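Chain and residue survey
What follows is the residue order along each chain.
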Amino acid sequence: MASHPKLLRLVPLLVLGLLFVLAGGLSWLSPFRTGDAALIINDRVISRPEFEGAYQEFVKGYRASLPAEERSDFDQRLTGAPGAYYKLQLQSQVAEELIRRALIEQAAHERGIRVAQSELLQEARLEIWRFLEANGVPPEQIEKTLNDPKTYRSLFTQGLLKQLRAQMLEDRLRQRIVGPLQPSEEELRSYYQQYRPRYYSPPLVRVRHILIRLSEDAPPEQVQAVRQKIEQIRRQWEKGTPFEDLARRYSEDLFTAQEGGDYGWLQRGDPLGEEFVEAAFALRSPGEVSAPVRSKRGFHLLQLVERRPARGEQFEYVASEVQRDYILEKTQEIFRQWYEQYRSQARVEILLPLLAAYRLEANDPEAALRAYEELRQSSDDPYLGYYIARLYRLKLDERTDQPERVALAEKVIAHLKDVLKKAPPERAIFEEILRLAPQDIETRLAFARFLLSQRRWDEAARELKTAVAQEPENRQAQKMYGQLLLAMKEYSAAAEQLERALAQPQPETAERVELLLQLAEAYRGLGQRDRAQKSLEQALQIQPQNVTIYRDLGQLALDARDFLQAIRLFEQALGNATPDERPSLQVLLAQAYLAQGDLDRAEQILQRVLTEKEPPEEAYLWAGELYQRRGEEQQALEQYRQGFEKAISWSVKEQLAQRILTLTPEDVKTRLALADLYRQMRNFQAAGEQFRTIVERWPDSIEAWRGLGEALLALGQYSAAAEAFQQALPFAKTPQEQSGLWARILSAERSLSSQTPLSPRGLEALYQLARLSLALNNYQKVADYLRQLKAEAPSYRAEEVAQLLDELRRRGVDVQ
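Below, the structure is looked at part by part. (Residues numbered from 1 in each chain as written. Predicted model: local features only at pLDDT ≥ 70, side-chain atom pairs only at ≥ 80, totals over all residues. Heavy atoms only, no water.)

Looking now at the sheet that holds strand 5 (residues 293-295). Taken in spatial order, the four strands line up as 4-3-6-5 in an open sheet, and their pairing is antiparallel. At either margin of the open sheet sits one strand with a lone partner, and together these are strand 4 (262-266) and strand 5. Taking the axes of each pair of neighbouring strands and ignoring which way they run, one obtains an average angle of 45° across the sheet. In this structure, strand 3 (residues 204-213) lies alongside strand 6 (residues 298-308), joined through 10 bridges in antiparallel fashion. Across the sheet, residue R208 finds its bridge partner in strand 6, namely Q303. Packing against the sheet, helix 11 (residues 220-238) makes contact with strand 3, strand 5 and strand 6, and its axis sits at approximately 40° to strand 6. Each of strand 3, strand 4, strand 5 and strand 6 touches helix 13 (residues 274-282); the most contacted strand, strand 6, lies at about 40° to it. (Pairing = 2+ DSSP bridges. Helix = DSSP H or I, 4+ residues; strand = E, 2+ residues; numbered from the N terminus. Axes fitted to C-alpha atoms, helices over the stretch in contact; angles between N-to-C directions. Contact = heavy atoms within 4.5 Å.)

Rendered as structure tokens:
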């Protein structure tokens, strides 16, 4: 019996099948080294380096199997406390597969099952041929490769040979264990009745169509105009113009027009409108075209491509398929039962303490908790507290007694705070603590600091607002909230919080000055120059040599167009400044001279500043302004571009990009960068405007269409977002790019129709994602998308879906 190699099945459990290869094989005669052991399976010892290597190769292989757009999500899943726990899950899978492989090899050895080298090489040649053919290698080149001795010395082929040997051993062991199966007709008929939907498909028709759109509430004169238009199209078909050409020319269905109107397979009951479906089934002869048909979308012409009668209505028509599936399923079940019994009798030890504790969770959570607790003294894993907190949280969810719930909640919180002390801070930990202890102000403030470090200002503001409401006299909360509101340019609210912080029992001198400076900035933003001046003068009384106070007073003078006073204050600040403070103050001084009209003095200062190792970002902005005033636009542009490349501050970067685009509105690269900057700033409206400008001028920019779609998604404009992603599709060069765009289309359509069936565009997205996942060898994804498609519209592209399912089965994937 031929073996069924699984070389290309890069999905989690199947990738695991490669582990024993990547770990150097599972020779069950490996020497016993107790201190180095990770796993013991009877007499087989798997060392810690061996296990770690297998795990790393598994992660690498699984990641490579994912579509490009999903790899970052996978990487993200492996980060932080949930990621550490997820790693334990993956390590457990790796351990179980290594155990399984070792036991199967041992069982085969016990029964004298062997694989001859000649058989192995023959199977390897076949697999290499399939692999190269799937990757587009010409037959003559494949033949040359197969006849080259170097091919069989490569690491790839050596790994393949080991993999094939393991699979052939397992196939032969399965044959030996199960033996031949000869099911009775009664058993097959019973199986057929149990799984009848698997074999039955209703009558189907495949049609092409032409759509001229019309709203349901269109006035009579518009209805008549559209009817006349579609009748004229039908007359062109009657005169001999191919229906496909007419569809490409006239149809307003974006999904099918370029395919010659091909709508795919339909069945009665499809959610496309009763009139549409009934008109399709009324057509009898391939090529026949219907009279105009009106649906909710407009007027259609339908052309019959093919009819397909119901399939599998009676057992006799599908008996061979039923027998094949029954034998396959029964074989797997018998072999699974044998393996479970064989494993239960084997000596299997997990010698990695954390992994051993994790594996207890499934059957004995209390034992797992004890094992984790015992590890607190010896383990250096910073996330151990998270594993323990998870189990206490599960116990908490099961309890109804309030005192017991309080005690358990305290344990969860204590262990999660321990994680915050030992590991980098992360959102999920803060949120869990605050769910259990919403009044914990210190944790809420720490969470706000974390959110600020992530530039999630809106969310940080929400946490700080809550903290201030919970403890109105907490100066730290008021101060942080005021500073954030100031950064968000919400000057009135910022001033209110900073005033409240200053009104609290007197802070230390340095903190009071800091608050006064920030309050002055808030008043300056409100245009209340006198109040800003007063705050700065109060600060000056406390720290008369403070450089920042003179700088801010100078900026107030500059706002008031008192250039001489601004210059005097900036020079006074420079007199007390440190070397690190001087460059930014010199830029302000140059700005004052520039505002005064003294371009020469401004230029002298800016030239000195720009020779610094790391000039302030603003220096490029004002140097560009200087050149612009002199009419030297090329030199101005060079300064703006240099500054834009080096700037980190969002505000300065935005100003520089706007200046560049004022001088060169055709600069697509800068406009894309500005749009992306707005997206980082979460200003999706501004980002969308920039992306839209690009696609209006350069409609072949996939980056702009994709960016526009993302901005529209963030704004909740789901239909427009789906349209933007669809516009990007013709410019996608790889299956990965296409898959990413269809995934975003599906996301938009799901958001649009969360309570209703998917639209035709959403159904097409599911089909295309399944098709592209097959091209990328991601078989689990293919099956998942097809299941979703079947749940939404069982007969959508029925023939194409059937072909995909057949291809999955041909490649050895079990599809239910």
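What follows picks up the thread again.
A word on the environment of E799. Turning to its location among the elements, E799 is positioned in helix 40 (residues 798-810). Separated by 535 residues in the primary sequence, E799 and G264 place their C-alpha atoms 7.8 Å from one another. Apart from residues lying up to four places away in sequence, E799 is in contact with R206, W265 and R308.

Now for the sheet that holds strand 7 (residues 348-350). The three strands are arranged 2-1-7 in an open sheet whose pairing can be described as antiparallel. At either end of the open sheet lies a strand with only one pairing partner, and these are strand 2 (44-47) and strand 7. Mean inter-strand twist for the sheet, computed between neighbouring axes without regard to direction, equals 15°. Most of the contacts of helix 3 (residues 48-65) go to strand 2, to which it runs at about 70°, and overall it touches strand 1 (37-41) and strand 2. Contacts from helix 5 (residues 80-110) reach strand 1, strand 2 and strand 7, with the element oriented near 40° to strand 1.

Attention now goes to helix 28 (residues 582-596). Residues spaced three or four apart along an α-helix point in a common direction, a consequence of the helix completing one turn every 3.6 residues. Compared with the 21 Å implied by 1.5 Å per residue over 15 residues, the 21 Å span of helix 28 between its first and last C-alpha is a close match. Along helix 28, 11 of the 15 residues are buried, which leaves the element largely enclosed by surrounding structure. Those residues of helix 28 not exposed but buried are P583, L585, Q586, V587, L588, L589, A590, Q591, A592, Y593 and L594. (Expected span 1.5 Å × (residues − 1). Buried < 20%, exposed > 50% of the residue type's maximum accessible area, 1.4 Å probe, protein only.)

This part takes up the packing of aromatic side chains. Each aromatic ring pair is specified by the distance between its two centres and by the angle formed by the two planes. For the coordinates displayed, the defined rule picks out 17 aromatic pairs. Seen in terms of ring centroids, Y192 and F315 are 5.7 Å apart; in terms of plane orientation they differ by 65°. Their pairing is edge-to-face. Of the two residues, Y192 is situated in helix 9 (residues 185-194) and F315 in the loop between strand 6 and helix 14 (319-344); the sequence distance between them amounts to 123 residues. Each member of the pair, Y192 together with F315, is buried. Judged by centre distance (6.5 Å) and plane angle (20°), the rings of F447 and F450 are stacked. Of this pair, F447 and F450 are both found in helix 20 (residues 441-453), three residues apart, which corresponds to roughly one turn of the helix. No difference in accessibility class separates F447 from F450, as the two residues are buried. Counting every residue linked through ring pairs, the aromatic cluster contains F58, Y62, F74 and Y86. Lying over the aromatic face of Y339, R100 brings its terminal NZ or CZ to 5.9 Å of the ring centre. We note R174 situated over the ring of F335; from NZ or CZ to the ring centre the distance is 4.8 Å. (Phe/Tyr/Trp six-rings, centres within 6.5 Å; stacked < 30°, edge-to-face > 60°. Lys NZ or Arg CZ within 6 Å of the ring centre and 35° of its normal.)

The analysis is restricted to geometry; functional conclusions fall outside its scope.
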